[in-house]
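Structure assessment
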Amino acid sequence: MTTSVLSVASEVFPLIKTGGLADVAGALPLALAEHGFAVRTLMPGYPDVLKRVGRGKIACRFANLFGGKAEILAVRYGELDLLVLDAPHLFDRPGGPYVTPAGYDHPDNWARFAALSKAGAAVAQGAIAGFSPDIVHAHDWQAALTPVYLAVSNKPRPRTVVTIHNLAFQGNYPSSIFADLGLPATTWSIEGVEYYGNVGYLKGGLHAADVVTTVSPTYAEEILTPEGGMGLDGLLRGLGDRLVGIVNGIDVEVWDPQSDPAIAKAYSARSPKARSHNKRALEGEFGLRRDDGPIFAVVSRLTWQKGLDLVANACDDLVERGIRLVVVGSGDQMIEGQFLAAHARHPDRVGVRIGYDETLSHRVQAGADAILIPSRFEPCGLTQLYGLRYGCIPIVTKVGGLADTVIDANYAATSAGVATGIIFSPPAAPALVEAAERAHRLYDDGKRWRDMQICAMNADVSWRASARLYADLYRDLIKE
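Each chain carries its own residue numbering, running from 1 in the direction its sequence is written. At least 70 in pLDDT is required for a residue's local features to be given in this predicted model, at least 80 for side-chain atom pairs to be given and counted, and no such filter applies to totals for whole chains, interfaces and linings, which use all residues. In computing side-chain values, all of the structure's heavy atoms are included and hydrogens and water are not.

Runs of E in the DSSP output that reach at least two residues are strands. Runs of H or I that reach at least four are helices, and both are numbered from the N terminus. Per the secondary structure count, the chain includes 20 helices and 18 strands. Relative to the 2.2 N^0.38 estimate, which gives 23 Å for 480 residues, the radius of gyration of the chain is 23 Å and therefore close to what a compact globule would have. If one aligns the C-alpha atoms of the chain with their principal axes, the spans along those axes are about 65 × 45 × 45 Å. Per-residue burial over the chain gives 58% buried out of 480 residues. In this description, accessible areas are obtained by the Shrake-Rupley approach with a 1.4 Å probe, and a residue is regarded as covered only by the protein chains that are shown. In the structure as shown, the chain presents an accessible area of about 19100 Å², 52% of it carried by carbon and sulfur atoms. For the chain, the centre of its 46 positive side-chain charges and the centre of its 52 negative side-chain charges are spaced 4 Å apart. Radius of gyration: over C-alpha atoms. The globule rule applied is 2.2 Å multiplied by the number of residues raised to the 0.38 power. To sort residues, take the accessible area from a 1.4 Å probe on protein chains only and compare it with the maximum for the residue type: under 20% means buried, over 50% means exposed, and anything in between is partly exposed. Just so you know, the count uses Lys and Arg for positive and Asp and Glu for negative, and it drops His and the chain ends. Charged side chains are reduced to one point each, which is NZ for Lys, CZ for Arg, CG for Asp and CD for Glu.

A word on the pattern of salt bridges. The term salt bridge refers to a pairing of a side-chain nitrogen on Lys or Arg with a carboxyl oxygen on Asp or Glu at a separation within 4 Å. On inspection of all chains with the given rule, the structure shows 30 salt bridges. Between R157 and D210 there is a salt bridge, with its nearest N and O atoms 3.3 Å apart. A residue pair is termed long-range when its members are at least 10 positions apart, and R157 in the loop between α6 (145-152) and β7 (159-164) and D210 in the loop between α7 (201-208) and β11 (211-214) qualify at 53 residues. What makes D210 buried here is its relative accessible area of 14%. Between R237 and D233 there is a salt bridge whose closest N-O contact spans 2.8 Å. One end of the pair is R237 and the other is D233, both in helix α10 (residues 233-238) and four residues apart, which spans about a single turn. Take R237: its relative accessible area is 45%, and that puts it in the partly exposed class.

Turning to helix α19 (residues 446-458), a few remarks are in order. Taking 1.5 Å of rise per residue, the 13 residues of α19 would be expected to cover 18 Å, and the 18 Å separating its terminal C-alpha atoms lies within 8% of that figure. Contacts from the buried residues of α19 go to α11 (275-286), β16 (370-373), α15 (383-390), β17 (393-397) and α18 (429-444). Expected span, for any helix, means 1.5 Å times one less than how many residues it has. Contacts between residues were defined by any pair of non-hydrogen atoms, one from each residue, lying within 4.5 Å.

On to unusual backbone geometry, then. Note the cis peptide between F13 and P14, where omega equals 10 degrees. Residue position: P14 is located in the loop between β1 (3-8) and α1 (20-33). Of note, the amide linkage connecting S425 to P426 takes the cis form, showing an omega dihedral of 0 degrees. You can see P426 is positioned in the loop between β18 (422-424) and α18. A positive phi angle is found at F66, which is not glycine, with a value near 55 degrees. Its location among the elements puts F66 in the loop between β3 (57-62) and β4 (70-77). Judged by its relative accessible area of 17%, F66 is buried. Residue M230 is not a glycine yet carries a positive backbone phi of 50 degrees.

Here it is, written out as structure tokens:
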């Protein structure tokens, strides 16, 4: 018997992506199909999304959804079963999903994503004929009001799950918007959406959901502390066993060095030496001097959270130690400037591309020897999983999902042949440089490095195990 799930997310790969949320929203539904769950995903109808999916079939209409008419279009895109919220007054505009072309938050984001949640609640309670989901799974603050709207309705409702992808983003807005959300006055309370005098979208969703998940077991523990909880640790501790950490996976068909059309030469754990062709191609693409030393890479948002200021400050030290560096990403202008300055000082040792290119990220993972991920906190992280899959050894801080997915190359792990990367702590420049030196020494010992690459590439980074955990969680909720 197939069980139906409504997923609500603000971005879905491959249609629109700013981070790991999109990858999860795009891959988890497909992995759950193997466990008997049919997932339909509700997402906003951004202009680029509508261009790619077409008009589809009108599944339901809203006469007035936060200031204008709206429709939900039912479409198939590849293997994804999508419900696209076509609300031109909210989503038909230039810029990214959340920001203007100038890089500022859209001033009506509060209405745009309250609309997504309200539409999600309507669909969950029968707005689309013939569709009555057993589970509603809302992702991050942009969808977190969905269980709130469901909780205050007088209709029967499905069971609800909220996933925290990054607690740093909570969707907090001034109290002046509360009257326009269409919520009863009783929700303006500590058990509702009120949050230190503001409206807290994620905070409200955490209270209303039947279960809260986050994207790694270690992060689920970290957010219970004042340091990691970002103001919500008390609420999260109160959830008890209703808070569950399930590590993310990746789409191993999209990320597969044996069949990846983006890379110079295919390879696998059985033919790791073929990676050298991709390394040579990466040197050419970034204008790096060809030599036998390692290439370390950064593919990331260039932000404080990701610890990329540490790498920027350590560039000269890394170069002096014979390490070449490839950087792909954008973010904090100061960090961008530091990397560009490092490239100017070392034009054939440091290559930099400001901006993000999905195809280029595949080539970097296939050609670089190691990937630097010195995050100060990391709910799960997908970059290290791509690195494992491609034999690009992750060098990571001991936080969140990084600690859960990488096995440090200490003496015991290398002796047992199970090491897959380098873990260091704390997130500070000296520790980063020391970890880089440790990786360099392993690289110089060719056999140990190849053994570690092979072990990394054989690690199961798919959704297989995690989808089973979500399936079990859903089944337990339905039984309750």
